[in-house]
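# Understanding the architecture of this molecule
Here are the chains, one letter per residue:
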Amino acid sequence: MSDVDAALDTALQSLVGGKGPVQVATEPVGASEVSAWCAVMSEANPLFVDEVVAASGPHGGIVAPPATLNMWTMPVRIGGGSVGRDTDQPQQAAYQLLDDAGFTGVVATNSDQAYEGHLRPGDVVSARTTLAGVSPQKQTALGIGHFVTTEVAYANHHGDPVGTLTFRVFKFRPGTGRQRGDEPVDDSPRPERPRPRWNQDQAWHWEGLRQHELRIQRFTGSGLLVHPPAVADPTTHDMAYDWVVASGRGTLYSWTAPEHPKAPAFEDPLVVGLVELEEGVRMVSNIVGVRPDHLEIGMPLEVCWLDSHDDVTLHQFRPARPGRRTDTMVRGDVSVGDRLPPCPIDVTTDLVKSGALATFDHQDVHHDGDAARAKGLPDIIMNILTSSGLAARWLGDWAGDEVGFRSLRIGLGASNHPGDTMTMTGSVTDVGEGGAVTVSFFGANSLGNHIHGSAELVLPEVSRGAGGRA
Amino acid sequence: MWTPARQTAIVGIGATEFSKDSGRTPMQLATESCLAACADAGLDPTMVDGMSLFSMERNYEIEVARNLGIPRLRFFSMVNHGGGGGCATVAMAAMAVHSGAADYVLAYRAFNERSWHRFGSGVQDHHQSPEANDVSFSWTSPFGLLTPAQWAGMFATRYMHQHGATSEDFGRIAVADRRHAANNPAAFFHGRPITLEEHQVSRIISDPLRLLDCCQESDGGVALLVTTAERAQGLDREPAWIAAAAQGVAEDQWMMRSYYRDDITGLPEMGVVAGQLWESSGLGPADIQAAMLYDHFTPLVLPQFEEFGFCGSGEAKDFIVDGNIEIGGGLPVNTNGGQLGEAYIHGMNGIAEGVRQVRGTSVNQVDGAVNVLVTSGSGVPTSGLVLSGEGG
């Protein structure tokens, strides 16, 4: 370690343990803000928005979704924001030291929320930040830098603790990453997939795919559906046919995951499934958005599309978005190893922008494409609070309205850009006393895992039924 | 009963060595194999007047006949669908000699499937035209299902799900084959048995298929000589009687991609073969002492036991336990090591092993082997044979 590095390290370590002044939100928790958040996240839990249902529910009234914990004191809500660093805050002082030493790059790596109580409309949230740690210099794929960990304790205006956030960023020197130079980067374009061939007996099927229609041959005499298409109805020898447009819903009938030899035209992992459509026919298709070890025969799937060639669109299938339980799981309903239903989430420009605004995150990379590109990003990126909110919504869809959240720990990876799909998959990794359940999960997009993490949930002893309405 | 029971016989078998690099052309391998089969029978090769091939054979009969100096060839045919046609070449030969179309018919397979074009590398370059057979690949290839192992993987997953079979059940086939190959000096894997544990840690080829579930591409050639009972009397070898031979295609048949049937865990085309073999031979599962079952991929061996009635549907995983398919078991299988252990010569080496069992000359000889079942490609239009030491 050089003298300069040692001096920086000493200065950083001297800040560790420091606490900043308490920051108080300028506005209380608002029902309309909660409602907007729920709309963006597709959160349907009435205990967050419906006063009547919530009054007879387990919390005795409306509560804010736990995953909103740290959004009420975001910079725009504590009168701060973009005017320089408030070096009264120890983490800000550490960031400034690192900036000055050339570690100007920053990426958030972890956001671990732990909940101690519920926030309710009208609560005024205060936050106090402790600089919990600064790592020694580390080399990562991004570059050489330091991990900076802060802990923020949140309380309501009565002084009751409501939860903590452990937040970690990596401050790095741009251009010192391992990816360039040390490791060969294969940036050759992926070759095209094998091109389908067709003649007039099947051309209508492929034309349909171009229009995002999954067309199934129907022999008009008998109404028999046949796939792959035939020339004659094997039961009547009638050759007159038209087609029906399939709903695009089906289930997984079988699958294989080719690993060797690798065909360079295909992504890895490659999953080829046999999909049984709800119309009754089967078709071979890629299964996307789910790792092979999360596949289950019979799992519900829905169609999506891949433009594989200039003039060819292929059908693909992904896990169908699971419905929301109307009752709540109770203790004994889950066991270690249980898988949660995979859930695809379309990452649209709308979702990224409205998610950032609904969580009071006004950083430009979440809503301004030009600003994002100026910072070297291909497009705007989803903010952490939106990712957390979507994960929490998916967990709630699975467990039900009355599930309790103790924590939501998230590690961040590949960015969520508009146009991608993030698929949530997860499984139960622990079942403890008192209804405690730990779920470990991944949110994967086309670049890798956007998030990975775990949540500690608490299941009630008995379910009150549909959203506590029973 | 379209082949005459016990009126025709395999009277000669010949083979080259099996390797990963023969160092010779496939034409030379074909010629050597055919000469060896004639020599085994004690027949002057110029007496051969029929040749029975199956598709993917690139050494056409005219050039082999030219090399053998055959003055006239009266019968020649090529059965379609690759590995499924192995036993069918014997069926065609039997019909030809029985009908008088030919006197002596050679059937063979010879290739450098490893050192030249690797058979398992896939069909990505297959699509050339909008003819029906090329179009048939459009339902799978654009999605990355390109190789036989990948096609088989789709069946394997469903079989496991529906019948509760596991990767270990597939592994038991490989262990049995490799145990037999270990005794066979001609085998690829001579002296190299494997354990179930080794199977379980072998790398994934196309999940759930592991490396040791898959046969290995091979270089080599095998030839068989077929004639009538009457002509067999004048030759050197005890005839391996063709008690029955049959082909089979079932409803909604595809080449290893019959994914659209109500149930995809069976091999109904093998059932079509089984019914004919039992009917025309007058035999049944209890009369069979050894079986050479096509084993390019282990998961497609299990349903063969079921289709031939050695056990019920979905029960093969229980039938094969405790060494039941190994030497000393109830139904020793693939006593040459099979295609997983001896070599992958599209099943023609399994027919040759069936002949050796009937003759009593196998390196893994089954005591009292009289009737031997042989099958060809599984999951494809296929064929089968019952060979017998008892003539008509």
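Residues numbered from 1 in each chain as written. Chains lettered and ligands numbered in written order. Predicted model: local features only at pLDDT ≥ 70, side-chain atom pairs only at ≥ 80, totals over all residues. Heavy atoms only, no water.

## Notes on the overall build of chain A
Threshold: Note on conventions: DSSP H or I runs of at least 4 residues are helices, E runs of at least 2 residues are strands, and numbering of each starts at the N terminus. Three exposure classes are used, based on accessible area relative to the maximum for each residue type with a 1.4 Å probe and protein chains only: buried under 20%, partly exposed in between, and exposed over 50%. Residue contacts are defined here by distance: any two heavy atoms, one from each residue, within 4.5 Å place the two residues in contact. Neither His nor the chain ends is counted toward charge; the positive residues are Lys and Arg and the negative residues Asp and Glu. Every charge is mapped to an atom, namely NZ of Lys, CZ of Arg, CG of Asp or CD of Glu.
Regarding its fold elements, chain A presents eight helices and 19 strands. Across its three principal directions, the C-alpha atoms of chain A cover 85 × 60 × 40 Å. Here chain A, with 470 residues, has 50% of them falling under the buried criterion. Put simply, of all contacts in chain A between residues at least 6 apart along the chain, 68% involve residues at least 24 apart. Of the charged side chains in chain A, 36 are positive and 58 negative, and the gap between their average positions amounts to 1 Å.

## Notes on the interface of chain A and chain B
Selection rule: Put simply, buried area is how much 1.4 Å-probe accessible surface two parts lose in total, over both of them, once they are put together. What counts as a salt bridge is simple: a side-chain nitrogen of Lys or Arg found within 4 Å of a carboxyl oxygen of Asp or Glu. Nitrogen and oxygen atoms within 3.5 Å of one another constitute a polar contact, given that in protein one can donate a hydrogen and the other can accept it, and given that sequence-neighbouring residues count only through two side-chain atoms. Residue type decides the class: Asp, Glu, Lys and Arg count as charged, Ala, Val, Leu, Ile, Met, Phe, Trp, Tyr, Cys and Pro as nonpolar, and the leftover types, Gly among them, as polar.
Between chain A and chain B, the contact holds 37 residues from the first and 37 residues from the second. Buried area between chain A and chain B, both sides added, is near 3100 Å², and the carbon and sulfur share of it is 64%. On the chain A side of the interface with chain B, the three residues burying the most area are R197, H260 and V284 of chain A, jointly 19% of the side's total. Where chain A touches chain B, the interface holds zero salt bridges. Joining chain A to chain B, the criterion identifies 18 residue pairs in polar contact (both at pLDDT 80 or more). Within the residue set of the side of chain A that touches chain B, elements represented by two or more residues are α5 (203-210), β10 (249-258), β11 (272-277), β12 (282-287) and β14 (312-319) of chain A. Looking at the side of chain A that touches chain B, the element that brings in the most residues is β10 of chain A, giving six residues. Its residues assigned to classes, the side of chain A that touches chain B shows 20 nonpolar, 12 polar and five charged.

## Focus on the domain arrangement of chain A
Residue and element names in this part refer to chain A. Let me state the cut-off plainly: These domain limits were set by an automatic method or by a database of domain assignments.
Segmenting chain A into domains produces domain 1 (1-29 + 64-187), domain 2 (203-319) and domain 3 (326-470). If you average the C-alpha positions of domain 2 and of domain 3, the two centres end up 29 Å apart. Facing 11 residues of domain 2, the contacting portion of domain 3 comprises nine residues. At the boundary of domain 2 with domain 3, total buried surface from both sides reaches about 850 Å², with 52% on carbon and sulfur atoms. The largest contributions to the domain 2 side of the interface with domain 3 come from H294, R318 and P319, which together make up 53% of the buried area. Seen at the junction of domain 2 and domain 3, the total is two salt bridges. One salt bridge in this structure joins R318 and D346, with 2.9 Å as the shortest N-O distance. Put simply, domain 2 and domain 3 have five residue pairs in polar contact (both at pLDDT 80 or more) between them.

## Notes on the sheet that holds strand β9 (residues 241-245) of chain A
Residue and element names in this part refer to chain A. Note the following rule: The pairing criterion for strands is at least two bridges between them, as found by DSSP. In this analysis, axes come from line fits to C-alpha atoms, helices being fitted only over the stretch in contact, and the angle between any two N-to-C directions falls in the range 0 to 180 degrees.
One open sheet holds the three strands; their spatial order is β8-β7-β9, and the pairing between them is antiparallel. The open sheet is flanked by β8 (225-226) and β9, the only strands paired with a single partner. Sheet topology note: the strand β7 (residues 215-219)/β9 ladder contains five bridges and is antiparallel. Of the residues in β9, the one forming a bridge with Q217 is W243. The strands touched by α5 within the sheet are β7 and β9, with β7 carrying the most contacts at an inclination of about 145 degrees.

## Re the pattern of salt bridges
Taken as a whole and assessed by the stated rule, the structure comprises 37 salt bridges over all chains. Note that D379 of chain A and R373 of chain A form a salt bridge whose closest N and O atoms lie 3.9 Å from each other. The salt bridge partner of D103 of chain B is R74 of chain B, with a shortest N-O separation of 3.2 Å. Placement of the pair is D103 of chain B in the loop between α3 (86-99) and β4 (105-112) and R74 of chain B in the loop between α2 (61-68) and β3 (75-79), with a sequence separation of 29 residues. Several salt bridges converge on common partners, so that one network encompasses E43, R321, R324, R393, D397 and D401 of chain A.

## A closer look at helix α6 (residues 167-182) of chain B
The test is simple: Expected span of a helix, by definition, is 1.5 Å for each gap between consecutive residues, and there is one gap fewer than residues.
With 16 residues, α6 of chain B extends 22 Å from end C-alpha to end C-alpha; this agrees with the ideal 22 Å at 1.5 Å per step. When you tally the buried positions in α6 of chain B, you get 13 out of 16 residues, the bulk of the element.

## Structural notes on the confidence of the model for chain A
Here is the rule we go by: pLDDT measures the predictor's confidence residue by residue and takes values from 0 up to 100.
Summary statistics for chain A give a mean pLDDT of 92 and a share of 95% for residues scoring 70 or more. Here residues 466-470 of chain A is a poorly scored stretch, pLDDT under 50, and it has 14 contacts once near neighbours within four places are set aside; other chains count.

## Considerations on a negative patch on the surface
For the record, the criterion: Patch definition: residues with relative accessible area over 30% and no salt bridge; like charges joined within 9 Å; nonpolar side chains (Val, Leu, Ile, Met, Phe, Trp, Tyr) joined within 5 Å. Accessible surface is estimated by sampling points in the Shrake-Rupley manner with a 1.4 Å probe; for residues, cover comes only from the protein chains shown.
A surface patch of negative charge is lined by E251, D252, D262 and D263 of chain B. With respect to the helices and strands, D252 of chain B occurs in the loop between β8 (240-248) and α9 (268-281).

## Things to note about the packing of aromatic side chains
Each aromatic ring pair is described using two quantities: the centre-to-centre distance and the angle formed by the ring planes. Note the following rule: Any pair of Phe, Tyr and Trp rings, taking the six-membered ring for Trp, is counted once the centres come within 6.5 Å. Such a pair is stacked with planes under 30 degrees apart, edge-to-face with planes over 60 apart, and tilted for the rest. Geometrically, a charge over a ring is one whose NZ (Lys) or CZ (Arg) sits within 6 Å of the ring centre while staying within 35 degrees of the ring normal.
The full count for this structure, using the stated rule, is 19 aromatic pairs over all chains. Measuring from centroid to centroid gives 5.7 Å for F188 of chain B and F189 of chain B, while their planes differ by 75 degrees, and the two rings are edge-to-face. Taken individually, F188 of chain B and F189 of chain B each receive the classification buried, so the pair is uniform in this respect. Both rings, one in W278 of chain B and one in F308 of chain B, keep their centres 5.9 Å apart while their planes meet at 85 degrees; by these two values the pair is edge-to-face. In this pair, W278 of chain B sits in helix α9 while F308 of chain B sits in the loop between α10 (302-307) and α11 (316-319), placing the two residues 30 residues apart along the sequence. Comparing W278 of chain B with F308 of chain B shows no difference in burial state: the two are buried. For the cation-ring pair, R291 of chain A lies above F442 of chain A, with the distance from its terminal atom to the ring centre recorded as 4.5 Å. Over the face of the ring belonging to F54 of chain B we find R109 of chain B, whose NZ or CZ atom lies 3.6 Å from the ring centre.

## Considerations on the environment of D263 of chain B
Here D263 of chain B is to be found in the loop between β8 and α9. Considered as a pair, D263 of chain B and L224 of chain B are 39 residues apart in the sequence and their alpha carbons are 36 Å apart. In contact with D263 of chain B, other than residues within four places in its own chain, are Y253 of chain A together with Q162 of chain B. Polar side-chain contacts of D263 of chain B include one of 3.2 Å to the side chain of Q162 of chain B.

## Thoughts on unusual backbone geometry
With an omega of -10 degrees, the peptide bond between H227 of chain A and P228 of chain A qualifies as cis. Relative to the assigned elements, P228 of chain A resides in the loop between β8 and β9. Residues H260 of chain A and P261 of chain A are joined by a peptide bond in cis, for which omega reads -5 degrees. With respect to the helices and strands, P261 of chain A occurs in the loop between β10 and β11. Non-glycine residue H237 of chain A carries a positive phi angle of around 70 degrees. Residue position: H237 of chain A is located in the loop between β8 and β9. Relative accessible area serves as the criterion here: at 59%, H237 of chain A is assigned to the exposed category. In this structure, D322 of chain B takes a positive phi of about 55 degrees despite not being glycine. Mapped onto the fold, D322 of chain B is located in the loop between α11 and α12 (338-341).

## Overview of the side chain of N45 of chain A
Residue and element names in this part refer to chain A. Here N45 lies in the loop between α2 (31-41) and α3 (51-55). A residue is classified by how much of its surface remains accessible, and N45, at 4% relative accessible area, is buried. Here the side chain of N45 touches D401 through a polar contact of 3.0 Å, landing on its backbone oxygen.

## Comments concerning the side chain of S126 of chain A
Among the secondary structure elements, S126 of chain A is positioned in strand β3 (residues 126-134). Apart from the residues within four sequence positions on either side, S126 of chain A is in contact with V22, Q23, V24, T73, A153, Y154 and A155 of chain A.

## Concerning the pairing of strand β16 (residues 404-412) of chain A
Residues and elements named next belong to chain A. With five bridges connecting them, strand β2 (residues 105-115) and β16 associate as antiparallel partners. Bridge pairing links S111 to I410 in β16. Looking at chain direction, β16 and strand β19 (residues 448-458) are connected through eight bridges and run antiparallel. Bridged to S407 within β19 is E456.

## Focus on the sheet that holds strand β2 (residues 50-54) of chain B
Within a beta sheet, neighbouring strands are joined by backbone hydrogen bonds and run either parallel or antiparallel to one another. Residues and elements named next belong to chain B. As summarised here, the arrangement of the nine strands in space is β3-β2-β4-β7-β1-β8-β11-β10-β9, forming an open sheet in which the pairing is mixed. In this open sheet, the two strands that pair with only one neighbour each are β3 and β9 (290-292). Each neighbouring strand pair of the sheet contributes to a mean axis angle of 25 degrees, computed without reference to strand direction. Summarising the sheet, β9 and strand β10 (residues 371-375) pair through three bridges and their orientation is parallel. Of the residues in β10, the one forming a bridge with M292 is V374. Packed on one face of the sheet, α3 meets β1 (8-15), β2, β3, β4, β7 (219-228), β8, β10 and β11 (382-388) and runs near 25 degrees to β7. Along the sheet face, α9 touches β8, β10 and β11 and points at about 145 degrees away from the line of β8.

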